[in-house]
Amino acid sequence: VQLVESGGGLVQPGGSLRLSCSAAGFTFSTYGMSWYRQAPGKERELVAGITSGGGRTNYAESVKGRFTISRDNAKNTVYLQMNSLKPDDTAVYYCNAHFLGRNYWGQGTQVTVSS
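Reading the values: the criteria
- Residues numbered from 1 in each chain as written.
- Predicted model: local features only at pLDDT ≥ 70, side-chain atom pairs only at ≥ 80, totals over all residues.
- Heavy atoms only, no water.
- Helix = DSSP H or I, 4+ residues; strand = E, 2+ residues; numbered from the N terminus.
- Rg over C-alpha atoms; globule rule 2.2 N^0.38 Å.
- Buried < 20%, exposed > 50% of the residue type's maximum accessible area, 1.4 Å probe, protein only.
- Pairing = 2+ DSSP bridges.
- Disulfide = S-S within 2.5 Å.
- Phe/Tyr/Trp six-rings, centres within 6.5 Å; stacked < 30°, edge-to-face > 60°.
- Lys NZ or Arg CZ within 6 Å of the ring centre and 35° of its normal.

**Brief notes about the overall build of the chain**
A count of helical and extended segments in the chain gives zero helices and eleven strands. Taken from the N to the C terminus, the helices and strands of the chain come in the order β-β-β-β-β-β-β-β-β-β-β. In terms of C-alpha radius of gyration, the chain reaches 13 Å, essentially the compact-globule figure of 13 Å for 115 residues. With respect to the principal axes defined by its C-alpha atoms, the chain has extents near 40 × 25 × 25 Å.

**Brief notes about the pairing of strand E11 (residues 109–113)**
Where burial is concerned, the two faces of E11 differ: the one with Thr109, Val111 and Val113 is buried and the one with Gln110 and Thr112 is not. Here strand E2 (residues 9–11) pairs with E11 via three bridges, running parallel. Across the sheet, Leu10 pairs through a bridge with Thr112, a residue of E11. Bridge count between strand E9 (residues 91–99) and E11: three bridges; the pairing is antiparallel. Its bridge partner being in E11, Ala91 is matched across the sheet by Val111.

**Some words on the state of the cysteines**
Taken as a whole, this structure holds one disulfide when the rule is applied. A sulfur-sulfur distance of 2.1 Å marks the disulfide that ties Cys21 to Cys95. Of note, the bridge from Cys21 to Cys95 carries an S-S torsion of about -80° and is left-handed in sense. Placement of Cys21 in strand E3 (residues 17–24) and of Cys95 in strand E9 is noted, with a sequence separation of 74 residues between them. Judged by its relative accessible area of 0%, Cys95 is buried.

**Focus on the packing of aromatic side chains**
Tallied over the full model, the rule gives six aromatic pairs. A centroid spacing of 6.4 Å and a plane angle of 50° characterise the contact between Phe26 and Phe28, whose relative ring orientation is tilted. Comparing Phe26 with Phe28 shows no difference in burial state: the two are buried. Ring centres of Tyr31 and Tyr104 lie 5.7 Å apart, and the angle between their planes is 25°; this geometry places the pair in the stacked category. Taken as a pair, Tyr31 in the loop between E3 and strand E4 (32–38) and Tyr104 in strand E10 (residues 102–105) lie far apart in primary sequence, 73 residues in all. Given the relative accessible area of 4%, Tyr31 is considered buried. Taken together, the aromatic side chains of Phe26, Phe28, Tyr31, Phe99 and Tyr104 make up a single cluster linked through ring pairs. Above the plane of the ring of Tyr94 lies Arg44, whose end atom (NZ or CZ) is 3.8 Å from the centre.

Written out as structure tokens, the structure reads:
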């Protein structure tokens, strides 16, 4: 099983980034997918989730209206479009796959929002 995140980096406040997570080694289309983040000294928190078919999504209150999660089951990839970024969004972002008690994690990608 592999989950590989990409797209992180340094961005100014108000800017945008799109994270991608490419999956391999399991039946991607049957798994719910989520993005989590962990800032220094803080616990890992759920940012956004999407059901296996993509029909339902959920977001943390802190990112509603700014972030959008989506998936392409043909490409085994989940995305996180992040707009209007704030310094508080600075964290390592992790991709998560979950189904029937199974949980898989990526290695994380750093997002830094700073002027």
